[in-house]
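Structure at a glance
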Amino acid sequence: MRMVGLTGGIASGKSTVSSMFKHNNIPIVDADVIARDALKKGSGGYKKVVAAFGPDILQDDGHVDRLKLGRIVFSDAAKRQLLNRLLAPYISSGIFLEILKLWIKGHKVIVLDIPLLFEAKLDKWTKPIVVVWVDPETQLRRLMARDNSTEEDARNRINAQMSLNLKKSRADIVIDNTGSLQDLQERFGEVLSQVKRPLMWTEFWLSRDGALSALLGVIIGVLVVKKIF
Ligand SMILES: CC(C)(COP(=O)(O)OP(=O)(O)OC[C@H]1O[C@@H](n2cnc3c(N)ncnc32)[C@H](O)[C@@H]1O)[C@@H](O)C(=O)NCCC(=O)NCCS
Ligand SMILES: Nc1ncnc2c1ncn2[C@@H]1O[C@H](COP(=O)(O)OP(=O)(O)OP(=O)(O)O)[C@@H](O)[C@H]1O
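By the naming in an unreviewed UniProt entry, the protein chain goes by Dephospho-CoA kinase and is assigned to Hibiscus sabdariffa.

The structure is reproduced here in structure tokens:
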């Protein structure tokens, strides 16, 4: 199985690219969705986070006030690290479970959409790594427009992540998303054909069919050897 890593900076366009993969029948493991589940009211992650940050981060209905928690952690590195540490086990096990489900279904190519792929050192499990890049002004403008946020909030969120240029330097494939959606669609077409190239042997053995072929090979080998001796 080929596990493509999709990452970038906040509001660089990962979700936009990820929906293009989905439209081309390539399944996505979305770490933001998994992280949201990990903070759902009553979950293990929720209990740990409320115990650490106190009931002030809750809305009247008991759900986490994400805007409030976001303001706290994106302006304080120590609190952000604490939140990351508390949620990391739930997020990694959620990602693993989603990969397992797709493996069982026999998918050959899947995309892991993980904003913190490098920060969480998950990049070693993915190949190729696709980084969606935008220039800093466009990133800030799109983030403020999408989240209807102040410049200060938007800058705090951008500065909470590894620099996008550093991520770009560690990519196998860079998608420059500074232009229009039409430009992105064209660049995506090129990336899609790279991602869908036939599997290499190592990737094949990691797929369900590859693993089953290897198992079958071993069984046949044992039977033949038993018959000979
Ligand atoms: C702080 C929270 C509650 C803010 O929620 P909110 O709905 O405002 O933002 P959302 O979850 O949609 O995240 C938007 C983007 O913020 C960035 N981001 C999220 N968490 C972090 C983090 N800990 N560090 C740096 N950037 C982050 C990502 O680019 C993400 O795509 C939420 O982001 C959260 O629980 N973060 C910790 C979990 C995590 O690490 N998520 C990223 C999955 S790899
Ligand atoms: N090429 C583009 N031209 C104009 N707007 C774009 C383009 N690409 C993405 N956008 C818009 O920019 C915003 C950010 O894009 P998107 O939500 O895909 O980013 P993201 O990297 O997934 O963000 P996050 O890290 O917060 O999950 C969205 O409002 C999206 O519609």
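Of all residues adjacent to ligand 2, which total 15 residues, the nearest are Lys14, Ser15, Thr16, Arg146 and Asn177. Measuring from an oxygen atom of ligand 2, one finds a backbone N or O atom of serine 12 at 3.2 Å. One of the backbone N or O atoms of glycine 179 is found 3.1 Å from a nitrogen atom in ligand 2. Notes on ligand 2: free accessible area 640 Å², of which the protein chains cover 77%. Those elements that provide at least two residues to the shell around ligand 2 are α1 (14–23) and α6 (136–147). The element contributing the most residues to the shell around ligand 2 is α1, with three residues. Taken together, the residues that form the shell around ligand 2 break down as three nonpolar, eight polar and four charged.

Within strand β3 (residues 109–113), five of the five residues are buried, which leaves the element mostly enclosed by the surrounding structure. Note: strand β1 (residues 2–8) against β3, five bridges, orientation parallel. The residue bridging arginine 2 from the neighbouring strand is valine 109, located in β3. Direction of pairing for strand β2 (residues 28–30) relative to β3: parallel, over a ladder of three bridges. The partner of isoleucine 28 across the bridge, within β3, is valine 111.

This brings us to the confidence of the model for the protein chain. Mean pLDDT for the protein chain: 96, with 100% of residues reaching 70 or above. Across the whole predicted complex the pTM is 0.94, and at the interface the ipTM reaches 0.96.

Asp32, Arg66, Asn84, Arg157 and Gln161 are the nearest of the 22 residues found near ligand 1. Measuring from a nitrogen atom of ligand 1, one finds a side-chain N or O atom of asparagine 84 at 2.7 Å. At 2.8 Å, a side-chain N or O of glutamine 161 approaches an oxygen atom of ligand 1. Contact with the protein chains hides 89% of the accessible area of ligand 1, taken as 770 Å² for the molecule alone. Elements with a minimum of two residues in the shell around ligand 1: α2 (31–38), α4 (66–73) and α5 (77–104). For the shell around ligand 1, the leading source of residues is α5, giving five residues. Here the shell around ligand 1 is composed, by residue class, of 14 nonpolar, three polar and five charged.

We now examine the packing of aromatic side chains. Under the counting rule described, the total for this entry stands at four aromatic pairs. Considering the side-chain rings of phenylalanine 21 and phenylalanine 188, the 4.9 Å spacing of their centres and the 75° angle between planes classify their relative orientation as edge-to-face. Taken together, the residues span a long stretch of sequence, with phenylalanine 21 in helix α1 and phenylalanine 188 in helix α9 (residues 181–195) at a distance of 167 residues. An identical accessibility class is assigned to phenylalanine 21 and phenylalanine 188; each is buried. Here a set of aromatic residues connected by ring pairs shows up, and it is made of Trp201, Phe204 and Trp205. When the ring centre of tryptophan 133 is taken as origin, the NZ or CZ atom of lysine 168, which lies over that ring, is 4.1 Å away.

Criteria and thresholds
- Residues numbered from 1 in each chain as written.
- Chains lettered and ligands numbered in written order.
- Predicted model: local features only at pLDDT ≥ 70, side-chain atom pairs only at ≥ 80, totals over all residues.
- Heavy atoms only, no water.
- Near = heavy atom within 4 Å.
- Polar contact = N/O pair within 3.5 Å; in protein donor to acceptor, adjacent residues only side chain to side chain.
- Areas by Shrake-Rupley, 256 points an atom, 1.4 Å probe, with all protein chains shown as cover.
- Helix = DSSP H or I, 4+ residues; strand = E, 2+ residues; numbered from the N terminus.
- Nonpolar A, V, L, I, M, F, W, Y, C, P; charged D, E, K, R; others polar.
- Buried < 20%, exposed > 50% of the residue type's maximum accessible area, 1.4 Å probe, protein only.
- Pairing = 2+ DSSP bridges.
- pLDDT = per-residue confidence, 0-100.
- Phe/Tyr/Trp six-rings, centres within 6.5 Å; stacked < 30°, edge-to-face > 60°.
- Lys NZ or Arg CZ within 6 Å of the ring centre and 35° of its normal.

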